[in-house]
Amino acid sequence: MAAESFVGVRVQGGLLPAELLSRIAAGAVSGQASADYHLAAGETVREAANRAWAYLTGVWSAYRQAATKLPGSDRGTTLTRERWLLILLRELDYGRVPATPAGGLPAGDKHLPVSHLWEHVPIHLLGHTIDLDKRTQGVAGAATQSPQSMVQELLNRSDAHLWGLLSNGLTLRLLRDSTSLVGASYVEFDLEAIFDGDLFADFLLLYSICHQSRLEVRDPEKGPASCWLESWRTESVESGSRALNQLRDGVVEAITTLGTGFLAHPANGRLRDGLADSTLREADINHGLLRIVYRLLFTFVAEDRGLLLDPHADIQARERYRDYFSTARLRRTARRRRGTRHADQWRALNLVWDGLGSIDGRPELGLIGIGGLFEPGALDLFRDCELTNEALLKAVRHLSLVAEPGTGTKRVVDYRNLGAEELGSIYEALLEFVPSWNPEMRVYELLSASGNDRKSTGTYYTPTSLIDCLLDSALDPVLDRAEREADPETALLALTVCDPACGSGHFLVAAARRIAKRVAAIRTGDPEPPPERIREALSDVVGRCIYGVDLNPLAAELAKVSLWLETLDPGRPLAFLDAQIKVGNSLIGATPALLAEGMPNEAFVALEGDDKKITSALKKQNDHELAGQDDLFGDSGVLLDVRLAGQLGELIGSGRAASLADIHARAQRLKALDADPSLQRQRLVADAWCAAFVWPKHPGAPKAITDRSLRALERGETLTPDTMGTIHELAAEYRFFHWH
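Numbering of residues begins from 1 in every chain and follows the order in which that chain's sequence is written. Only residues with pLDDT of 70 or above have their local features reported here, since the model is predicted, and side-chain atom pairs are shown and tallied only from 80 upward, although totals for entire chains, interfaces and linings are computed over all residues. Only hydrogens and water are set aside when side-chain values are computed; all heavy atoms of the structure are taken into account.

**Student:** Would you mind going over the packing of helix α26 (residues 677-694) against helix α28 (residues 721-734) in detail, with residue names and values included?
**Tutor:** Packed helices, taken two at a time, are described by the angle their axes make and the gap between the axes. To get an axis, fit a line to the C-alpha atoms, keeping to the stretch in contact for a helix; angles then go from 0 to 180 degrees between the N-to-C directions. Strands are runs of DSSP state E lasting at least 2 residues, helices are runs of H or I lasting at least 4, and numbering of each runs from the N terminus. Interaxial distance between α26 and α28 falls to 9 Å at its minimum, and their mutual angle equals 80 degrees. With respect to α28, the axis of α26 lies roughly perpendicular. Contacts from L684, D687, A688, A691 and V694 in α26 reach M724, I727, H728, L730, A731 and Y734 in α28. Residues are grouped as follows: nonpolar covers Ala, Val, Leu, Ile, Met, Phe, Trp, Tyr, Cys and Pro; charged covers Asp, Glu, Lys and Arg; every other residue, Gly included, is treated as polar. Residues that form the contact of α26 with α28 fall into these classes: 9 nonpolar, 1 polar and 1 charged. Oblique is the label for any angle not covered by the other classes, which are roughly parallel (under 35 degrees), roughly antiparallel (over 145) and roughly perpendicular (65 to 115). Contacts are assigned to residue pairs with any non-hydrogen atoms lying within 4.5 Å of each other.

Written out as structure tokens, the structure reads:
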């Protein structure tokens, strides 16, 4: 059974993958024998669940009728507990669940008023009128913070509890300690939908997962961590790691399939001609293919999270998109069919992407323009090319399915929970390959090579555990201090986090999540705020606090994709990040202080290929100029243009954009700032200062930069054409990055 067929089940925070839920419902995981559920010999879990279902449907009907007769002032807590939830728990073999002692359960330095406790499992039961995600004045266990927040805080702060249950009679949530995550983590069962809608398959899953035997301690020495649920979760995490390795392989296969599909298609002769006459490079082709894969992955994730369509779109438009243009449909088709020589699927996909990249969007499909990686650009080499359905479906199949190691069983990739960590791992793997086009065989390949980008740029994926350790020691103390300020929200949003080698944005996303959770906690008053409030805060944090630099343009783009996936808000464009995520070499750059000191003599140390006589002469000349014997110019230094800095600060701090037109207006403002003559002059001076260190110093080379020529540039003067040209060439080659 596919995970999406569970109408009454929702997973928040990736607690249990959808694929695992399907396997549990099918009885295809360990620990599902009759004895494991303490059932009679020969009785299956399905039979036991069916017996409980037959009884509980009558209990539910009687409870719902009784609830309608309650006076408006009655929250329904006693009725919901006694006439419904405690009976449901009894049918799940918990027996009569005892109430907690007066004062509740200890969590660190305080007690939390959780209503019930079964062995090590806290169970908080409330009335049907109580919202699990909001505070309700005058209701025990919901007055000071939301019930969800309270139970989550207990699990996070107490070593005695790992899993817990929360319900108001209409919804049942299975929670787990989420200390290692940011935000809530639970599986939610919509009891109202399940029992009113006669969804036995969903109840079978509830029975299979929430049964007492799934949470009981199996090994006293290990405690709650020895329960079946924790074993299943651990197994799924390990399986997910193996699946991620295969997804990386799938991305490589998808790129080669798309490359061959485009380059070998009879209608795409201009691509082949471009490679033949060198107006196109294989690297250009590969970058364009990567952009297509990024777009596919982004669309998969956004769709599966339910965040792609405009929430205000009419139902007909949403159904039209779902039934005819969605990538969910495309992925289902890819799993069933090989495809034909026609190109309608590629054209339909471009129709969607064009809408996402345009101001007008595609209202007939329920899409608004969100911009970002869907904006048309130089990497869109294949927009007007042809691609057969066979090639596209094969590529999508590689991205949609992974095979279980050993068994070879095909599994559907869970894109709903794909995060920056997975994108970073995929990106790192792609750097190990070098593109190759064989025009005779008409085959595009990615080949392993010793001179690949990963080795030449020193690019390595940073594991989540290391990032968490770094954030614990470096970021959390800063956040703690900010929270002690008179206005903690303003203090938190005034922080700056910068990764000078951001790669795919794994560190930046993790830092943004931590700051956003603190901001959301302040705004809501709950230590464990609901996911939608964290996502809302994330948009503010990313827009104001997050900065990154990377030498590789593709890494910088993927860092934006990672941040966009975190902050995607239905009905709004993707955040404007061009002023915050930059391409450059963060190790080679100048500052106003360095420029004010003039050109240092260290710039004239002989490098490989330099003539030592020339470097010695340049050093003497520069030393003479530094001593003030240049009578043509007195030292003035370079001052940071406060006016430009202020305008850039206003641009970054202008809040969330309401439309793609607003994003375009910000892009034009940034472009105007970049073109400002004052900024251009400052950048030229800084580039010249850096260029002096790597300048070719041998006979016949252009005249080198010394302190005198640097000061001339500061005054707005120009140098000889070959010197100016060399400055620009070296700046492009080394990608100097100046932090001011």
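After that view, the rundown keeps rolling.
**Student:** Could you give an account of the sheet that holds strand β5 (residues 121-125), with specific residues and numbers?
**Tutor:** Two strands qualify as a pair provided DSSP detects at least 2 bridges between them. Spatial ordering of the open sheet is given by β1-β8-β7-β6-β5-β4, a layout of 6 strands whose pairing is mixed. Two strands in the sheet have a free side with no partner beyond their single neighbour: β1 (9-12) and β4 (116-118). For this sheet, the mean inter-axis angle between neighbouring strands, taken without regard to orientation, is 20 degrees. Where strand β7 (residues 171-176) lies against strand β8 (residues 186-190), 5 bridges are found, and the strand directions are antiparallel. Looking at the pairing, L174 lines up with V187 of β8. Helix α3 (residues 77-91) contacts β4, β5 and β6 (163-167) of the sheet and is inclined by roughly 140 degrees relative to β5.

**Student:** Go over the packing of helix α20 (residues 531-545) against helix α21 (residues 553-567) with me, naming the residues and quoting the values.
**Tutor:** The N-to-C vectors of α20 and α21 enclose an angle of 145 degrees; their axes lie 8 Å apart at closest approach. Contact with α20, carried on its side by R535, L538, S539 and V542, involves L563, E566 and T567 of α21 and no other residues of that element. Taken together, the residues of the contact of α20 with α21 sort by class into 3 nonpolar, 2 polar and 2 charged.

**Student:** A description of empty space enclosed by the protein should follow, citing residues and the corresponding values.
**Tutor:** Space left empty within the atom packing is revealed by a probe, the size of a water molecule, rolled over the atoms. Only protein atoms enter the calculation, which uses a 1 Å grid: trapped sets of points that fit a 1.4 Å probe without letting it out are cavities, open sets showing protein on both sides within 12 Å along at least five of seven lines are pockets, and any residue with an atom within 4 Å of a point is a lining residue. Grid points are joined across faces, edges and corners, and a volume is the space filled by probe spheres set on the points. Going through the model one piece at a time under the given rule, you end up with 3 cavities of 30 Å³ or more. The volume enclosed by the largest cavity comes to roughly 310 Å³. Contributing to the lining of the largest cavity are 23 residues, with A575, F576, G655, R656 and A657 lying nearest its centre. Of all the secondary structure elements, the ones that give two or more residues to the lining of the largest cavity are α20, α21, α24 (642-652) and α25 (660-674). Across the lining of the largest cavity, the residue classes tally to 12 nonpolar, 5 polar and 6 charged. What the second largest cavity holds in volume is close to 80 Å³. Along the walls of the second largest cavity sit Y324, F325, S326, T327, R329, L330, Q345, A348 and L349, which together make up its complete lining. Counting only elements with at least two residues in the lining of the second largest cavity, the list comes to α11 (315-325), α12 (327-336) and α13 (344-356). Partitioned by chemical class, the residues of the lining of the second largest cavity number 5 nonpolar, 3 polar and 1 charged.

**Student:** If you had to explain the sheet that holds strand β15 (residues 581-583) to someone new, which residues and values would you point to?
**Tutor:** An order of β13-β14-β15 is seen for the 3 strands of this open sheet, with the pairing classed as parallel. At either margin of the open sheet sits one strand with a lone partner, and together these are β13 (497-499) and β15. Pairwise comparison of adjacent strand axes, ignoring direction, gives a mean angle of 15 degrees for this sheet. Two elements, β13 and strand β14 (residues 546-550), share 3 bridges in a ladder whose sense is parallel. In the strand pairing of β14, D499 is matched with G548. Running over the sheet, helix α19 (residues 506-524) touches β13, β14 and β15 and is turned about 170 degrees from β13.

**Student:** Describe unusual backbone geometry, with residues and values.
**Tutor:** Excluding glycine, most residues fall at negative phi; most peptide bonds, likewise, are trans. Of note, the phi angle at E119 is positive, near 50 degrees, even though the residue is not glycine. With respect to the helices, strands and loops of the structure, E119 is situated in the loop between β4 and β5. One non-glycine residue, R442, lies in positive phi territory at about 55 degrees. Looking at the secondary structure, you find R442 in the loop between β11 (433-438) and β12 (443-448).

**Student:** So what about the packing of aromatic side chains? Which residues, and what values?
**Tutor:** Only rings of Phe, Tyr and Trp enter the pairing, Trp through its six-membered ring, and a pair is recorded when the two centres are within 6.5 Å. The plane angle decides the type: under 30 degrees is stacked, over 60 is edge-to-face, the rest tilted. Within this structure, the stated rule accounts for 20 aromatic pairs. Ring centres of W60 and F195 lie 5.7 Å apart, and the angle between their planes is 25 degrees; this geometry places the pair in the stacked category. Of this pair, W60 sits in helix α2 (residues 45-68) while F195 is found in helix α5 (residues 191-196), placing the two residues 135 residues apart along the sequence. The exposure classification of W60 matches that of F195, with both residues buried. Ring plane angle 90 degrees and centroid distance 5.2 Å describe the contact between W84 and F195, whose orientation is recorded as edge-to-face. One end of the pair, W84, is in helix α3; the other, F195, is in helix α5, with 111 residues separating them in the sequence. Burial classes: relative accessible area under 20% of the type maximum marks a residue as buried, over 50% as exposed, and values in between as partly exposed (1.4 Å probe, protein chains only).

**Student:** Give me the lowdown on α24, citing residues and values where you can.
**Tutor:** Buried within α24 are the following residues: L644, L651 and I652. The buried side chains of α24 occupy one side of the element, clustering within an arc of 95 degrees when seen end-on. Away from the buried face of α24 by more than 90 degrees, exposed residues V642 and E650 are located. Those residues of α24 that are buried are in contact with α20, β14, α25 and α26. Taken from the helix axis, the directions to the C-beta atoms give the arc we talk about.

**Student:** How would you summarise the nonpolar core if you had to cite specific residues and measurements?
**Tutor:** In these notes, a set of buried Ala, Val, Leu, Ile, Met, Phe, Trp, Tyr and Cys residues joined through side-chain atoms within 4.5 Å is what counts as a nonpolar core. Counting 103 residues, the largest nonpolar core has F262, I285, F298 and F382 as its most contacted members. With sequence-adjacent residues up to four places away left out, F298 is seen in contact with I370, L373, F374, V561, W564, L565, L568 and L574. Among the nonpolar cores identified, the runner-up in size contains 62 residues, and L174, F189, I194 and F200 belong to it.

**Student:** Tell me about the side chain of R331, and name the residues and values.
**Tutor:** Relative to the helices and strands, R331 resides in helix α12. A distance of 2.9 Å separates polar atoms of two side chains, one belonging to R331 and the other to D304. Among residues more than four places away in sequence, those in contact with R331 are F300, E303, D304, V396, S400 and Y415. Residues adjacent in sequence count toward polar contacts only when both atoms are side-chain atoms; beyond that, a polar contact is any pair of N or O atoms within 3.5 Å, and within protein one must be able to donate a hydrogen and the other to accept it.

**Student:** Can you break down the pattern of salt bridges residue by residue, with the values?
**Tutor:** Basic side-chain nitrogens of Lys or Arg form a salt bridge, by our definition, when they fall within 4 Å of a carboxyl oxygen of Asp or Glu. Throughout the structure, instances matching the rule amount to 43 salt bridges. With a shortest N-O distance of 2.8 Å, D578 and K560 are connected by a salt bridge. Of this pair, D578 sits in the loop between α21 and β15 while K560 sits in helix α21, and the two are 18 residues apart along the sequence. The class for D578 is partly exposed, based on a relative accessible area of 33%. Taking the relative accessible area as the measure of exposure, K560 reaches 15% and is therefore buried. A salt bridge links R656 to D569; the shortest N-O distance between them is 3.2 Å. Remark: D569 occurs in the loop between α21 and β15 and R656 occurs in the loop between α24 and α25; sequence separation between them is 87 residues. Taken together, the salt bridges that share partners define one network made up of D468, D472, D476, D480, E483, R514 and R518.

**Student:** Before we move on, can you summarise the confidence of the model for the protein with the specific residues and values?
**Tutor:** Low pLDDT means the predicted atomic positions in that stretch should not be read closely. Chain-level pLDDT for the protein is 89 on average; 94% of the residues reach the 70-or-more range. Contacts for the low-pLDDT stretch residues 629-638, under 50 throughout, to residues beyond four places or in other chains number 16 contacts. For every residue, the predictor assigns a confidence score, pLDDT, that lies between 0 and 100.

**Student:** With reference to specific residues and values, describe the state of the cysteines.
**Tutor:** Disulfides are defined as pairs of cysteine sulfur atoms found within 2.5 Å of each other. According to the stated counting rule, one finds 0 disulfides in the structure shown. Of the cysteine sulfurs around C210, a residue in no disulfide, the closest is that of C227, at 12 Å. Take C210: its relative accessible area is 1%, and that puts it in the buried class.

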